[in-house]
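Residue-level structure breakdown
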Amino acid sequence: MKKSVYAVFDIGKTNKKLILFDENQQIIDEELHICTDVLDDDGFPCDHLPRLTEWVQSHWNQLRHHPHYTVKGVNFTAYGASWVHLGADGQPMLPLYNYLKPMPAEIEAQFYASLNQSPEEFAADTCSPRLGLLNSGLQLYWLKYAKPEKYAQIHTSLHLPNYLSYLISGEKFSDFTSIGCHTALWDYKRNDYHEWVRREGIDEKLAPLTRDSIASVVDGILVGVGLHDSTSAVMPYLAENDEPFVLVSTGTWSVTINPFNSNSLTPELLRRDCLSFMTPRGEATRAARVFLGREHDFQVERIAAHFHVKPDFYRSIVLARPYDEASAGFRPACMAGTGPFPDQPAEEWDLSGFRTASDAYQHLMHGLINILLESIHLVWQGEKTIFVDGGFARNPLFMQTLSWNFPKAEIRTLEVPQATALGALVHLEQGEALKKTQPLFTDEDDMPLAAVRGDAAPVGK
């Protein structure tokens, strides 16, 4: 007898994973794929979209015909600020452009000059700090003016999680978690696309927005719409906790998310790298970013080279030392223009005063925590529980030092394996299709029935 499973494709910048869950949300299998970058049509590194597409499709076909599993549902979570542009034939027609690609200064200037408000007012309305192509809406603007012939051939642009869903469902949807994440597309005050989106005709390239988590039902299998990975990572914590909390999701970027803080962002908060995420239902959630993981790894490499030790030397350090004034001398090299201190220039942290690699690492951790604390306090409202997930949750110095700075709060890890993937499963199970016995979304005119029922918001069409 076959075992019933749910599948989640969890697509990160470096690692791509297929994770299988049983009906009790326990992980039973995992496959990892590392996809090396290629160069886009301008010579800038980007994800290899054809290889990623083939990997998803081949693993899905294998899973559908697996001798031991019956698939009940599948969902998708992926990094944001990345579009897949489909031509009239429904096939990708452009590279998966990297959000780190520099935006031409003249096009960025043209964009902001075309607005009927200041850049600061625009950032506050869209909850989008000025981040170049990391504001994914500006990628479409850039294509329109930098590559007009190719732009004209785009039929539909889907954020990466929604493209993955489309590969299996054949249905094109946009989801709020992708549209609302520092894209510069959404006007949070009007709860609609910003006026520039329609003025430039960008809305004509976008799929209908849906609040439901189900894109289609294919041969009895629930196929999710997909969602942004930062929002997905919060969902298991919301499912398990009734009391307010803050989540510090650590990785290359450490993102502090407060699902219970929906206050509007001011220009000053935006300048200090605060932003708003949107829930799958289109509600605002305040968050703050800091480039913590990248800074940590960069400085660890410097410490290891300076003291001639192995790069993983710090993993054996388990007890944090109390703060001392030497930690105040820490200077970040990778955070210029980002985080709670955007005006602080990149500097070289002086390691000459430390006797050992361990000594330097203790001060590094205090220096990083000092910056992170400023970021956390931009969204924290006195919640009594702070969850930490990701790589730093397994770092004892990090956890000890963070707890010293929040004596009245409980610093916890739920130890949720693959929280981002589990969040996508939780999201899938909240879908309306669970209450239905027939496919929900497509009628003979290819009109999203969810839009008719009110589960989808037909915004942008």
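Residues numbered from 1 in each chain as written. Predicted model: local features only at pLDDT ≥ 70, side-chain atom pairs only at ≥ 80, totals over all residues. Heavy atoms only, no water.

For the protein, an unreviewed UniProt entry supplies the name FGGY family carbohydrate kinase and the organism Hymenobacter segetis. As recorded by UniProt, the Sequence similarities (unreviewed entry) comment attached to the protein reads in full: "Belongs to the FGGY kinase family." (UniProt positions renumbered as here; feature names shortened; annotations may be inferred.)

Remarks on the packing of aromatic side chains
This model, assessed by the stated rule, comprises 26 aromatic pairs. Taken together, a centroid distance of 5.0 Å and an interplanar angle of 85° make the contact between Y97 and W142 edge-to-face. Here W142 lies in helix α4 (residues 136-146) and Y97 lies in the loop between β7 (83-86) and α2 (105-114), a separation of 45 residues in the sequence. With centroids separated by 4.7 Å and ring planes inclined at 45°, the aromatic side chains of Y141 and Y145 adopt a geometry described as tilted. In this pair, Y141 and Y145 are both assigned in helix α4, four residues apart and thus about one turn of the helix distant. Among the residues examined, Y141 registers a relative accessible area of 1% and is labelled buried. We classify Y145 as partly exposed; its relative accessible area is 36%. Ring-pair connections join several aromatic residues into one group, and the members of that group are F111, Y112, F122, Y141, Y145 and W196. If you follow R130 out to its NZ or CZ, it ends over the ring of Y112, 3.8 Å from the centre. Across from the ring centre of W253, 3.7 Å away, lies the NZ or CZ of R289, which sits over that ring. (Phe/Tyr/Trp six-rings, centres within 6.5 Å; stacked < 30°, edge-to-face > 60°. Helix = DSSP H or I, 4+ residues; strand = E, 2+ residues; numbered from the N terminus. Buried < 20%, exposed > 50% of the residue type's maximum accessible area, 1.4 Å probe, protein only. Lys NZ or Arg CZ within 6 Å of the ring centre and 35° of its normal.)

A closer look at the pairing of β7
Side chains of β7 alternate between two faces, with W83 and H85 and V84 and L86 buried alike. With four bridges joining them, β7 and strand β8 (residues 156-159) adopt antiparallel strand pairing. Considered in β8, the bridge of H85 is made with S157. (Pairing = 2+ DSSP bridges.)

Quick notes on the UniProt feature "domain: Carbohydrate kinase FGGY C-terminal" (unreviewed entry) in the protein
Mapped onto this numbering, the UniProt entry gives "domain: Carbohydrate kinase FGGY C-terminal" (unreviewed entry) at residues 243-429. Secondary structure content for residues 243-429 is 33% helix and 17% strand, while the C-alpha to C-alpha distance between its ends is 22 Å.

Here's the deal with the sheet that holds strand β20 (residues 385-390)
Sheet architecture is open: six strands sit in the order β18-β19-β17-β16-β20-β21, paired in mixed fashion. At either margin of the open sheet sits one strand with a lone partner, and together these are β18 (274-278) and β21 (410-412). The mean inter-strand angle of the sheet, taken between neighbouring strand axes irrespective of direction, is 25°. Bridge count between β18 and strand β19 (residues 284-290): five bridges; the pairing is antiparallel. Bridged to L275 within β19 is A287. (Axes fitted to C-alpha atoms, helices over the stretch in contact; angles between N-to-C directions.)

Structural notes on the UniProt feature "domain: Carbohydrate kinase FGGY N-terminal" (unreviewed entry) in the protein
UniProt records the feature "domain: Carbohydrate kinase FGGY N-terminal" (unreviewed entry) at residues 6-195, using the numbering of this structure. Taken end to end, residues 6-195 comprises 35% helix and 26% strand; its first and last C-alpha atoms sit 40 Å apart.

Some details on the pattern of salt bridges
Within the structure shown, the criterion is met by 24 salt bridges. Between D41 and K147 there is a salt bridge, with the nearest N and O atoms lying 3.6 Å from each other. Of the two residues, D41 sits in the loop between β4 (38-39) and β5 (45-46) while K147 sits in the loop between α4 and α5 (148-153), which places them 106 residues apart along the sequence. Under the relative-accessibility criterion, K147 is labelled buried at 13%. With its nearest N and O atoms 3.5 Å apart, the salt bridge here joins E374 to R272. Taken as a pair, E374 in helix α12 (residues 357-377) and R272 in the loop between α10 (267-271) and β18 lie far apart in primary sequence, 102 residues in all. On the basis of relative accessibility, which here comes to 16%, the residue R272 falls in the buried class. Connected through shared salt-bridge partners, D40, D41, D42, K101, K147 and K150 make up one network. (Salt bridge = Lys/Arg side-chain N within 4 Å of Asp/Glu carboxyl O.)

Examining helix α1 (residues 49-64)
For α1, which comprises 16 residues, the first-to-last C-alpha distance of 22 Å matches the rise-based estimate of 22 Å (1.5 Å per residue) to within 8%. Three or more residues of α1 are buried, namely L49, L52, T53, W55, V56, S58, H59, W60 and L63. (Expected span 1.5 Å × (residues − 1).)

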